[in-house]
Amino acid sequence: MQRFEHILTWIVKGGFYLLPFIPLIVSPFFLFPYITGKNFTFRILIEIMAAAWLMLLITNPRQYLPSRNVLLVVYTLFIGWIVFTALFGIDVARSFWSNYERMEGLITHLHLFVMVLMAVSVLKTPRDWQPIIILTLLASAFLTFYGFLERIGAIETGTGGERLFATLGNSIYLAEYLMVHVFLIALLLIARSEWHFRVPLALLGLAELYIFFAASTRGALLGSIGGIGVAAIVYVGLSRHEESLVWIRRAIGAFLIAGILVGGVLFMLRENSTLQQFSLTAPAISLYHAFAHPTESTQGARLMIWGMAFEALKVRPFFGWGNENFIIPFARHYNPGMFGNEPWFDRTHNMFLEWFVAGGVAGGVLYLALLASFFLLLAKGYKHAVFSRQEVAILSGLLVAYMIQNAFVFDTIVSYLLFFGLGAYVMVRVSRITHQVSRGKREDDTLTISSMHHDTQNDPRRIAAAFVAVVIMAVFLFVANIRPMMASARLINALQSVGQGKSAEEIVGAFEGVFATGTFGVTEARERLADLLITVATVQGVTPESAPAYLQILNLGIQELEKEIKVHPENVRPMVFLGKLYHLRAAITGSGGDQAIAMYDRLLALAPNYVQGYLGKAEAYLVRGENEQAFAAIDEGLRRVGTQPPAVVVMTESAALAHVLADDFDGALAILREPRVREQDGHLRVLDYDRILNIAKRSMRSGKIAERKAFLEGALALIPEQFQKERADIEELLRITEKDPGSS
C-alpha cells in the first residue's frame, strides 16, 4: 500500500512539474490557439492530479489535508462566494463554462482552487518546490528566446517584431509573465551566493528585461515601477534600525532619485522620434501619452468601460452579475461614445472592478481581502524569521506590480498560475511555523510515509470511495474537456468546408455535427456561422444561382440563433447576429423583414444605447422601402453618440450612407455639411474627407443622375483645396456621372 501511495504522490508532483510549461503551448488545431490549448491542458492535468490526490486524501486524510492559514481561508471564502453568485447570477451556464476565447469561468477557478489545495498538502517543504522553480525558469528562458527570435524576424507572428507576444498571443500577457519572472530571478539572486548560479541567472534576467521592454506594454511597465518602488520602501522600512545597512538604504535612495531624474529626462524628450521607437524608452513615452491624452488612446475606451462597470455594480450591488457575465451589463449600460471601437467587451479591463461586477460588493471585498491576506502571510513569515527582509521586500513588490498591472487588464490562465502558485509557495513556507511550534521540528521536517495511519489506509470503504472518486473524475474529464475539444476541432472543419467548395448539405451537416456535441462551444459555433453568412453576403454577394444553397445554410443559422436566445435571453450579442440574418433572408426572399425589425426592437428594449441596434433597424427598414422609418432610426442613433470621436465619425458616415442608399441625396448632403465631430480644442468640424470620398463612391450605384451629380458637387465643396487626392477622386466621379447617358 505504501508503494501505491508513493506512486500517487509522484503523480501529483509530476503534474506540478509540467504546469510551468503550459505557457509554451500553442494549439493551431483549436479555435483561439493561444488560449484553448493552454487551458484544456491545465484542466486535464489538474483533473489527473486531483484523482490521485483524492485517493490519497480519502485513504489518509491526516497526511494530505492542507493546513489552515489566513490566505487559504480567504481564498476558500472567495471561491464559495463566486460559486454562490454564479448560481444566482444572470447567466449560470456562461458563468460556469465561459467560452473558447476566455476559457475561464467557474470551472477554471475550481481547478485553480484544487491546484492550491494539492500544492499545500503535497509540496510541503521548500525542497519540494525547488524543481518547480527551476522548471519555471527554464520555461521562461525558452519563452524569452522565442521572443528574441520573434524580435529579429526569425519567427513570423504578424507583428513585424514590433509588439512581441511569443507563445502567449498578446504582448500584455508576455510582459506580465516576464515581469513576474524578473522579480523571481531577483528573489533567487539574493538567496544564493554561488557565482556559477548567479551569473547565468543574472544573464537570464537581463535577457528577460530586454524582451519585457520590447513587448512595449504600459501596464506592466507601470506595475514594475510601482513594484520596485514598494520593494525598496519595504526593505528600507524593515532595515531602518540596523546601522550596518545604512549604505544599502542610501543606495536604494540614490536609485529612486536616479529613476525620477531619468523619468524627467524622458518627459522632456517625449516627442523625440528615436526615443519613441527605442525598445527601452518607447513603453515609458507611450505611458505618458496614455495618461496625458486618455481619449486618444485605448485608455479612453477603458475609462468608458469602467464607467459602465460602475453602472452595472449600482444595479446589482449585492450579488453581482455572476462571473463571465460582464457582456450583459456592457450592452445594457453601453456608452454610445464607445461606438467605433470594438463592438463587444466581455471584460472590464480592471480585475478589481471585474470582481465587484461579478460578485457584487462582497465579491470585490473578498478579492481585496485575498490580496491583503497575501501581505499578512508575508508579515507573519518575516516575524517568525521564515522570510528574510529581502524576500519580503521583493515578494511585496511583485504583488504590488501584479495589482497595478491588473488595474488595466484582466487575468488569464498564465497569470493565475503564477499568482496562485506563488501564493501556495508562501503558504507552505509559513505553514512551517505551525509545524515548528506544534512538533518542535526544523522547517524541513515533514511527515513521512512510514508515519501514516494504517487503520485508515487499509479501510476497504475508504479504498472503494477513492476509486469511485477516480471514476467520477474520469467522466468529468471527458465531459468538461474532451467533448469541447472535439467541438472545437469540428468547428474548424466546418468553417474550412466553406472554403473547400463543399455543397450546402455538407456544410450544414458539418455545423450540425458541432451543435450535436451540446458543449459550451455551441455558442461559438452559432456566432461563427452567423459571421460567416454575413461575410459571404457582404463581400461576395448572393446571386440568383447561389441563393438556394445560401438560404439553406442561412436557415440553419437562424434556427440555431433562435435557440441561443432562448437559452440566454439576457444577452444582446446573439440578437445582433439574428437581426442581421433575418435582414439577409428578407433581402433575398423579399419577405420577413418584420422579424428583423422586431428583433432589433427587442435588442434596443434591453440596451437602448447600443447604437449598432439603430443601424441594423435602419438597414431593415431600407430593405422594406420604408425610408422615413429608417432615417428616424438613424437619427436616434446619431443623437445618442453626441459629438465625441470616433463614435460620431462612424455614425455620421453610416447616417449619410443610409440616405445615399435611399437616393435621398439632399438628406445625405445635409448630414455631411453639419459640423458634428468635436476636436481637442472643442470646436466642431465636418466628417473626415476620406470618409466623404467613400460615401461619394457609394453614390455611384444610384440611377438618379442629376441628383447624384448635385450631391458629388456638394461633397467636393466640403473638401479643401489642399486635399488634392480626395478632390481628384471626386472630380473623376463627377466626370463619369456627366458621361452617363441619363445625365442629359
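Asker: Can you explain the overall build of the protein? Please cite residues and give values.
Answerer: Along its length, the protein carries 32 helices and two strands. Here the protein holds 744 residues, and the buried ones make up 52% of them. Relative to all contacts within the protein whose residues are 6 or more apart in sequence, the contacts with residues 24 or more apart total 71%. Accessible surface, the protein: about 32,600 Å² in total, of which carbon and sulfur atoms supply 62%.

Asker: Now, about the nonpolar core: what can you tell me, with residues and values included?
Answerer: Phe16 and Met115 are the most contacted members of the largest nonpolar core, which has 218 residues in total. When residues of this core are assigned to their parent elements, the largest contribution, 15 residues, is made by helix H18 (residues 413–439). With sequence-adjacent residues up to four places away left out, methionine 115 is seen in contact with Phe16, Leu19, Phe42, Ile46, Leu417, Phe420 and Gly421.

Asker: Quick one: what's the story with a nonpolar patch on the surface, residue by residue and with numbers?
Answerer: A cluster of nonpolar residues, Phe84, Leu87, Phe88, Val92, Phe318 and Phe319, forms a patch on the protein surface that exposes about 620 Å² of accessible area. By secondary structure assignment, the location of valine 92 is in helix H5 (residues 92–97). You can call valine 92 partly exposed: its relative accessible area is 37%.

Asker: Describe in detail the packing of helix H26 (residues 612–624) against helix H27 (residues 627–641), supporting the description with residues and values.
Answerer: Packed helices, taken two at a time, are described by the angle between their axes plus the distance between the axes. With their axes 8 Å apart at the nearest point, H26 and H27 run at an angle of 170° to one another. What the angle tells us is that H26 and H27 run roughly antiparallel. In terms of crossing hand, the pair formed by H26 and H27 is left-handed. Residue-level inspection shows Tyr614, Leu615, Lys617, Ala618, Tyr621 and Leu622 of H26 in contact with H27, the latter providing Asn627, Gln629, Ala630, Ala633, Ile634, Glu636, Gly637 and Arg640. Residue composition of the contact of H26 with H27, by class: eight nonpolar, three polar and three charged.

Asker: Talk me through the pattern of salt bridges; I want residue IDs and the actual numbers.
Answerer: A full pass over the atoms with the stated rule returns 26 salt bridges. Across the pair arginine 624 and glutamate 626 runs a salt bridge whose closest N-O atoms are separated by 3.1 Å. Residue classification places arginine 624 among the partly exposed residues on the basis of a relative accessible area of 39%. According to the relative accessible area criterion, glutamate 626 is partly exposed, its value standing at 23%. With its nearest N and O atoms 3.0 Å apart, the salt bridge here joins aspartate 729 to lysine 725. With aspartate 729 and lysine 725 both in helix H32 (residues 724–739) and four residues apart, the pair spans about one turn of that helix. Overall, lysine 725 belongs to the exposed group, its relative accessible area being 58%.

Asker: Outline the environment of leucine 238, supporting the account with residue identities and numerical values.
Answerer: Among the secondary structure elements, leucine 238 is positioned in helix H10 (residues 218–238). Taking relative accessible area as the criterion, leucine 238 reaches 27% and is therefore assigned partly exposed. Separated by 154 residues in sequence, leucine 238 and valine 392 have C-alpha atoms that sit 9.2 Å apart. In contact with leucine 238, not counting residues within four places along its chain, are Tyr382, Arg389 and Val392.

Asker: Could you give me a rundown of the packing of aromatic side chains, with the residues and numbers involved?
Answerer: Under the criterion given, the structure shown has 34 aromatic pairs. Look at tyrosine 75 and phenylalanine 420: their rings are 4.6 Å apart centre to centre, the planes differ by 15°, and that puts the pair in the stacked class. With a gap of 345 residues between them, tyrosine 75 in helix H4 (residues 70–87) and phenylalanine 420 in helix H18 connect regions that are remote in the sequence. In this structure phenylalanine 420 comes out as buried when scored by relative accessible area, which is 6%. Measuring from ring centre to ring centre gives 4.8 Å for phenylalanine 84 and phenylalanine 88, while their planes differ by 45°; the resulting arrangement is tilted. By relative accessible area, phenylalanine 88 is classed as exposed at 52%.

Asker: Break down helix H2 (residues 36–59) for me, with residues and values.
Answerer: Taking 1.5 Å per residue as the helical rise, H2 with its 24 residues ought to reach 34 Å, and the 35 Å between its terminal C-alpha atoms agrees with that figure. Taken across its 24 residues, H2 has 19 buried, putting it largely inside the fold.

Asker: Tell me about helix H31 (residues 705–717), and name the residues and values.
Answerer: Taking 1.5 Å per residue, 13 residues should reach 18 Å; H31 reaches 18 Å between its end C-alpha atoms and fits that length. Buried within H31 are the following residues: Ile705, Arg708, Phe711, Leu712, Gly714, Ala715 and Leu716. If you follow the buried residues of H31, they end up packed against helix H28 (647–661), helix H29 (665–673), helix H30 (689–698) and H32.

Asker: So what's going on with the packing of H27 against H28? Which residues, and what values?
Answerer: Orientation of H27 relative to H28, taken along the N-to-C sense of each, is 165°, at an axis distance of 9 Å. On the basis of their axis angle, the class for H27 and H28 is roughly antiparallel. Regarding H27 and H28, the two cross each other, and that crossing is left-handed. Here Phe631, Ile634, Gly637, Leu638 and Val641 of H27 lie close against H28, whose contacting residues are Ala647, Val648, Met651, Thr652, Ser654, Ala655, Ala658 and His659. By residue class, the composition of the contact of H27 with H28 is nine nonpolar, four polar and no charged.

Asker: Could you give me a rundown of the confidence of the model for the protein, with the residues and numbers involved?
Answerer: Confidence in the prediction for the protein averages 87 pLDDT; 87% of positions are at 70 or higher. Counted against residues more than four places away or in other chains, residues 287–293, with its pLDDT under 50, gives 12 contacts. Ignoring residues within four places in sequence, the model shows residues 438–455, a span with pLDDT below 50, making 29 contacts including any to other chains.

Asker: Which residues make up the side chain of threonine 652, and what are the values?
Answerer: For threonine 652, the location among the structural elements is in helix H28. Of note is the side chain of threonine 652, whose polar atom sits 2.6 Å from the backbone oxygen of valine 648. Not counting residues up to four positions away in its chain, the partners in contact with threonine 652 are Leu638, Ile671, Arg676 and Leu687.

Asker: Would you mind going over the side chain of asparagine 99 in detail, with residue names and values included?
Answerer: Considering the arrangement of structural elements, one finds asparagine 99 in the loop between H5 and helix H6 (105–122). The buried category is assigned to asparagine 99, whose relative accessible area is 12%. Among the polar contacts made by the side chain of asparagine 99, one reaches the main-chain amide nitrogen of glutamate 101 at a distance of 3.2 Å. At a separation of 2.9 Å, a polar atom in the side chain of asparagine 99 contacts the main-chain amide nitrogen of arginine 102.

The rules we used
Residues numbered from 1 in each chain as written. Predicted model: local features only at pLDDT ≥ 70, side-chain atom pairs only at ≥ 80, totals over all residues. Heavy atoms only, no water. Helix = DSSP H or I, 4+ residues; strand = E, 2+ residues; numbered from the N terminus. Buried < 20%, exposed > 50% of the residue type's maximum accessible area, 1.4 Å probe, protein only. Contact = heavy atoms within 4.5 Å. Areas by Shrake-Rupley, 256 points an atom, 1.4 Å probe, with all protein chains shown as cover. Core = buried A, V, L, I, M, F, W, Y, C linked by side-chain atoms within 4.5 Å. Patch = residues over 30% accessible without salt bridge, like charges linked within 9 Å, V, L, I, M, F, W, Y side chains within 5 Å. Salt bridge = Lys/Arg side-chain N within 4 Å of Asp/Glu carboxyl O. Axes fitted to C-alpha atoms, helices over the stretch in contact; angles between N-to-C directions. Parallel < 35°, antiparallel > 145°, perpendicular 65-115°, else oblique. Left-handed = near helix turned anticlockwise from the far one by under 90°. Nonpolar A, V, L, I, M, F, W, Y, C, P; charged D, E, K, R; others polar. Phe/Tyr/Trp six-rings, centres within 6.5 Å; stacked < 30°, edge-to-face > 60°. Expected span 1.5 Å × (residues − 1). pLDDT = per-residue confidence, 0-100. Polar contact = N/O pair within 3.5 Å; in protein donor to acceptor, adjacent residues only side chain to side chain.

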